[in-house]
Amino acid sequence: QVQLVESGGGLVQAGGSLRLSCAASGRTFGSYAMGWFRQAPGKQRELVAVITSGGTTNYADSVKGRFTISRDNAKNTVYLQMNSLKPEDTAVYYCAAQTVPRNGLGFGGNYDYWGQGTQVIVSS
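Thresholds, definitions, all that
- The residue count restarts for each chain, going from 1 along the sequence in the order it is written.
- With the structure being a predicted model, the display of local features is reserved for residues of pLDDT at least 70 and the display and counting of side-chain atom pairs for 80 or more, all residues being used for whole-chain, interface and lining totals.
- Side-chain measures were taken over the full set of non-hydrogen atoms in the model, leaving aside hydrogen atoms and water.
- For the purposes of this entry, the term helix denotes a DSSP run of H or I that reaches at least four residues, the term strand denotes a run of E that reaches at least two, and both are numbered from the N terminus.
- This radius of gyration counts C-alpha atoms alone. The globule rule is 2.2 Å times how many residues there are, raised to the power 0.38.
- Here the term buried applies to any residue with accessible area under 20% of the maximum for its type, exposed to any over 50%, and partly exposed to those in between, with areas from a 1.4 Å probe on protein chains only.
- We call two residues contacting when some pair of their heavy atoms lies within 4.5 Å.
- For the area figures, the Shrake-Rupley method with a 1.4 Å probe applies, and any residue is considered shielded solely by the protein chains shown.
- His residues and chain termini do not enter the charge count, which takes Lys and Arg as positive and Asp and Glu as negative.
- One atom stands in for each charge, and that atom is NZ of Lys, CZ of Arg, CG of Asp or CD of Glu.
- Cysteine sulfurs are considered disulfide-paired once they come within 2.5 Å of each other.
- Two strands are counted as paired when DSSP detects at least two bridges linking them.
- The axes used here are C-alpha line fits, helices contributing only the stretch in contact, and every angle between their N-to-C directions lies in the interval 0 to 180 degrees.

K.L.:
Would you mind showing me how to read the overall build of the protein chain here?
P.N.:
When you go through the protein chain residue by residue, the secondary structure sums to zero helices and eleven strands. The secondary structure elements of the protein chain, listed N-terminal to C-terminal, are β-β-β-β-β-β-β-β-β-β-β. Expected size for 124 residues packed as a compact globule is a radius of gyration near 14 Å; at 13 Å, the protein chain falls within 12% of this value. For the protein chain, the spread of C-alpha atoms along the principal axes amounts to about 40 × 25 × 25 Å. Of all 124 residues assigned to the protein chain, the portion counted as buried reaches 44%. Sequence separation of 24 or more characterises 57% of the internal contacts of the protein chain that already satisfy a separation of 6 or more. On the protein chain, roughly 6300 Å² of surface is accessible, and the fraction owed to carbon and sulfur atoms is 47%. Side-chain charges in the protein chain split into 11 positive and 7 negative, and the spacing between the mean points of these groups amounts to 3 Å.

Shown next, in the form of C-alpha cells:
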C-alpha cells in the first residue's frame, strides 16, 4: 500500500508561481513512475506531467515551458513547479504513482495509487 499526500496548492494571481509537493510512503519510491494530473470543474481529469523512475519527463502541451516535474528519491517526494500560471490552470491537482511498470503513463487508469488532491486557484 502506498500513500500519497499532496501539498502546496493555494490561491495565486495570474503570472505567479506555485510548487506542489507529493510525499509518498513506501521503500521503493525510486522505482515508481509518478504523474501529476488535474481536474477542473466540469471537465475530465487530464495529464499534466509525468516522470519515470529513470527521470524521463513528459508534459501536456498546455503546460510545456511553464511547469517542471522533478523528484527527490531520498525524500520520497515528487514536485511540480508551476510558473507563469494562467486562470485556466485552476483545478484540483492530483499526484499518482505507478508501482507496477507498464506502458501508457499518460492514462490515469494505468496508475495504482492516488493522492487526495490539492486545490490550485489562479485569479485573473
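K.L.:
Whenever I open this one, the state of the cysteines confuses me. Can you help?
P.N.:
Working definition of a disulfide: a covalent bond connecting the sulfur atoms of two cysteines. Applying the stated criterion to the full structure yields one disulfide. Paired through a disulfide, C22 and C95 show a sulfur-sulfur distance of 1.9 Å. Judged by the sign of its S-S torsion, about 45°, the cystine formed by C22 and C95 is right-handed. Of the two residues, C22 sits in strand β3 (residues 18-24) while C95 sits in strand β9 (residues 91-98), which places them 73 residues apart along the sequence. Taken as a pair, C22 and C95 share a single burial class, namely buried.

K.L.:
What's the story with the sheet that holds strand β1 (residues 4-7) in this structure? I'm lost.
P.N.:
Sheet strands associate in pairs through backbone hydrogen bonding, adopting either a parallel or an antiparallel arrangement. An order of β1-β3-β8-β7 is seen for the four strands of this open sheet, with the pairing classed as antiparallel. Of all the strands in the sheet, just β1 and β7 (67-72) have a single pairing partner and so form its edges. Neighbour to neighbour, the strand axes of the sheet diverge by 15° on average, direction disregarded. Of the pairings in the sheet, the one linking β3 to strand β8 (residues 77-82) comprises six bridges and is antiparallel in character. Bridging from a neighbouring strand, S21 pairs with Y79 of β8.

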